[in-house]
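# Chains, contacts and geometry: an overview
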Amino acid sequence: MTHLKLIIINHNYKYELENICRLFFPFERVEVFTEPQPCDGMTAVTEVASDSLRVSLTAGGFDKCMSDALKPDTSGDEVERRLAVMLYKLLCDCTGMHHKWGILTGVRPGKLMRRLQTDLGDAAAEEWFSKALMVSDEKIALCRRAAENEERIIAMSGERDFSLYISVPFCPSRCSYCSFVSHSVERSFSLLQDYVSLLLKEIEQTGDIARRLGLRLHTVYFGGGTPTVLSAEQLTAVMAAVRRCFDMSHCAEWTVEAGRPDTITRDKLMAIKAGGATRISINPQTMNDAVLETIGRRHTAQQTVDAFALARECGFDNINMDLIAGLPGDSIESYRDTVAKIMSLGPESVTVHALSMKRASAMTTGGDLPEAERGRLADSMITYGSSVFEQNGYEPYYLYRQSKTVGNLENTGFCKPGTECLYNIYIMDETHSILACGGSAVTKLRAPDGYIERIFNFKYPYEYVNRFDEIIARKSGIEPFYAEHFK
C-alpha cells in the first residue's frame, strides 16, 4: 500500500491538493505536512513563493519538478488551480494514469458548466473545462448535454416549491459495494413496524410545517435502502400519510425505488400504483448471475426480467433501471450483454453508476495502483453503454460524481424524452428545499440566494426509533429558516 506525503509550504490549499492525490490513490494514506520532510516513499512538495509556484514529486526512481511564474495580483483560486494542475500532471507521469475529468473533483459538473456558460458564454465555458481543468472532449460534451436538459427542468421550480424525501433504510441483504446506512431486514425485522409507525408521525409533523409555511410540493421520492422491503399494507399506509398530510395538487412526480427485484410482488406494485406513484426503479445493477452472487445480490437476472414484466402488467409506464460499471468479476463482454438485455426490456430511463469503493463497504482493493485496471475497464463499459443508449433514443439528462469511483468516472442518468426524473435533478442542483423523513434522511433547506442549511435525522433505524423525539425537535428549525430567508 502506498503512503503518500503531501507537503504544503506557504499556502492553505490542502483540501484540493489532497483530493488530487486521491484521484490516483483513493484508499492509500495521504499524510499532510506544512514543513519539509525526508523524501522517503512517495513525496509531493507544493510551494508558493513570492514570484513562483513549485511542485515536485519523488517516488522510487521517479523524481520530477514543475514550476510556474506568479504575478502579485493572481487570485487565490487561480493559485490553487495551477498547483492542482502541476500536481496532477506529475502524478499522471508517475503512475501512467490519466483521468477524463482532469482535475475536476466536484460532485456537480453540470452546475459548474451552467454557471460558466452564464458568466463566459458557451464556447468560453467549454474552453475553460478543457484548458484550465483538463477535462476531455468526451466528458465536456456529456456535461454540456446533461446541463442543457437539467436547465430546462430547473426552470420548472418556483421559489416556494420543495421536494419530499422518504427514507426506508432497510434492505433484504447488504451489497458488498454498499456504504449507505441500511440494515438488512434479516437483522432488524423487529424494528420495522415501530419504524413505520414513527415514520407516519414524522410525515404528519413535516406536512404541518409545509402547510403553515405555504410551501408547494413538487416531487416525492421514496428511497433507501429498499422501500419495497415494506409489506403492501405498510406501503399503503406510508403513501396514504403523504397524500393526507401534504397538498398534492401541484405534485408533478412521485418516485418509489422498488430497487431489488427479489422484494417485488404484485400486491406491493398495486399498492404503490394505487398510492399515487408515477415512476419506479427496478435496479438489476448487472444481468450477470455470477456477478450478482459476487456482490451479494440475492436475486437472478431472470427475476429482474420477471419483475419488470410484472410492473408493466400493473400499469407502470415510467420505469428506471440502474446499472453499475466496474463490478468485480464483470467483463466488457458481460457488460455488453447486460446492456443488450436492458434495451430489450425498454425502460424509460437507465442510470449508469461507476462503481464507488467506499471504506464502509465490504469490498476493498489492493496493490500499488488499485484503480488503474478496473478504471480502464469501467471507462470502456461506460463509453459503450452511452453509445448504445443514445442510439436507442436515450438522452443524458443529469450527472453527478462521487469520491473513490473507479477511474474517477461519473454517474449519468439517460432517459427517453419527457421521462426525466425531476427529483434527481433538483437534489443534485440544489434547486429548492428537500424536506426529508426517516432514518438517515437529511433535510436540505435552500434560501433564494443559494445558501443551504441541513437538518440531519439519526442514521440508524434503532436510533430513529429510540430518539424520535429529538428528530421532531430538530424539525422545529425549518420555520425559523424560512422566516429569516424568505421575507
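Please refer to the structure higher up on the page.
Presented here is an overview of the structure given in this document. Quick caveat: nothing in here was measured; it's all calculated off a predicted structure.

Conventions adopted
Residues numbered from 1 in each chain as written. Predicted model: local features only at pLDDT ≥ 70, side-chain atom pairs only at ≥ 80, totals over all residues. Heavy atoms only, no water. Helix = DSSP H or I, 4+ residues; strand = E, 2+ residues; numbered from the N terminus. Buried < 20%, exposed > 50% of the residue type's maximum accessible area, 1.4 Å probe, protein only. 1 Å grid on protein atoms, 1.4 Å probe; cavity = no way out; pocket = protein on both sides within 12 Å on 5 of 7 lines; lining within 4 Å. Points joined across faces, edges and corners; volume = space filled by probe spheres on them. Nonpolar A, V, L, I, M, F, W, Y, C, P; charged D, E, K, R; others polar. Polar contact = N/O pair within 3.5 Å; in protein donor to acceptor, adjacent residues only side chain to side chain. Contact = heavy atoms within 4.5 Å. Axes fitted to C-alpha atoms, helices over the stretch in contact; angles between N-to-C directions. Parallel < 35°, antiparallel > 145°, perpendicular 65-115°, else oblique. Salt bridge = Lys/Arg side-chain N within 4 Å of Asp/Glu carboxyl O. Expected span 1.5 Å × (residues − 1). Core = buried A, V, L, I, M, F, W, Y, C linked by side-chain atoms within 4.5 Å. Pairing = 2+ DSSP bridges. Right-handed = clockwise from strand over helix to strand, strands pointing away.

### Quick word on the environment of Arg152
Relative to the assigned elements, Arg152 resides in helix 5 (residues 137-154). Since its relative accessible area comes to 43%, Arg152 is described here as partly exposed. The sequence separation of Arg152 and Ala44 amounts to 108 residues, and the corresponding C-alpha distance is 43 Å.

### As for empty space enclosed by the protein
It is the rolling of a water-molecule-sized probe over the atoms that shows where space remains empty. All told, the structure shown has 1 cavity of 30 Å³ or more when counted by the stated rule. In this structure, the largest cavity spans a volume of roughly 70 Å³. Lining the largest cavity are 13 residues, and of these Arg114, Glu150, Leu399, Met428 and Asp429 lie nearest its centre. For the lining of the largest cavity, the secondary-structure elements that each account for two or more residues are helix 3 (109-120), strand 14 (395-400) and helix 13 (422-429). The greatest single-element share of the lining of the largest cavity, amounting to 4 residues, is contributed by helix 13. Classifying every residue of the lining of the largest cavity gives 6 nonpolar, 2 polar and 5 charged.

### Quick look at the side chain of Thr46
Mapped onto the elements of the fold, Thr46 is located in strand 3 (residues 42-48). Judged by its relative accessible area of 0%, Thr46 is buried. A polar contact of 2.9 Å, which involves the side chain of Thr46, links it to the side chain of His11. Once you skip the residues sitting within four places of it in the chain, Thr46 turns out to touch Leu6, Ile7, Ile8, Ile9, His11, Leu17, Arg54 and Val55.

### Thoughts on the packing of helix 3 against helix 5
Relative orientation and spacing of two packed helices are given, respectively, by the angle between their axes and the distance between those axes. Orientation of helix 3 relative to helix 5, taken along the N-to-C sense of each, is 80 degrees, at an axis distance of 9 Å. The angle between helix 3 and helix 5 places the two elements in the roughly perpendicular class. Contact with helix 3, carried on its side by Pro109, Gly110, Met113, Arg114 and Gln117, involves Ile140, Cys143, Arg144, Ala147, Glu150, Glu151 and Ile154 of helix 5 and no other residues of that element. Broken down by class, the residue content of the contact of helix 3 with helix 5 amounts to 6 nonpolar, 2 polar and 4 charged.

### Focus on the pattern of salt bridges
Following the criterion strictly, the structure yields 31 salt bridges and no others. The partner of Arg82 in a salt bridge is Asp68, and the shortest N-O contact between them spans 3.0 Å. Linking Arg82 in helix 2 (residues 76-95) with Asp68 in strand 5 (residues 62-69), this pair joins segments that are 14 residues apart in sequence. On the basis of relative accessible area, Asp68 is assigned to the partly exposed category, the value being 32%. We note a salt bridge from Asp429 to Arg114, for which the minimum N-O separation is 2.3 Å. Placement of the pair is Asp429 in helix 13 and Arg114 in helix 3, with a sequence separation of 315 residues.

### Some details on helix 7 (residues 232-245)
Between its terminal C-alpha atoms helix 7 stretches 20 Å, which fits the 20 Å expected from 14 residues at 1.5 Å a residue. Those residues of helix 7 that fall on the buried side of the exposure criterion are Ala232, Gln234, Leu235, Val238, Met239, Ala241, Val242 and Cys245.

### Describing the nonpolar core
Among the nonpolar cores identified, the biggest contains 86 residues, and Leu164, Ile203, Phe222, Phe246, Ile280 and Phe389 are the most heavily contacted of them. Here this core takes 9 residues from helix 6 (residues 185-213), the largest share from any one element. The contacts of Phe222, once residues within four sequence positions are left out, are Ile166, Pro227, Val238, Met239, Val242, Trp254, Thr255, Val256 and Glu257. Core analysis: the second largest hydrophobic core is formed by 48 residues, Val55, Tyr88, Leu90 and Leu91 among them.

### Here we look at the pairing of strand 13 (residues 349-354)
The element strand 13 is largely enclosed, with a buried count of 6 among its 6 residues. Burial along strand 13 is two-sided: Ser349, Thr351 and His353 and Val350, Val352 and Ala354, pointing in opposite directions, are all buried. As paired elements, strand 12 (residues 319-325) and strand 13 share 6 bridges and run parallel to each other. Following the sheet pairing, Leu323 is matched in strand 13 by Val352. Crossover connection from strand 12 via helix 11 (residues 332-345) to parallel strand 13: handedness right-handed.

Keep in mind these numbers describe shape, not what the thing actually does.
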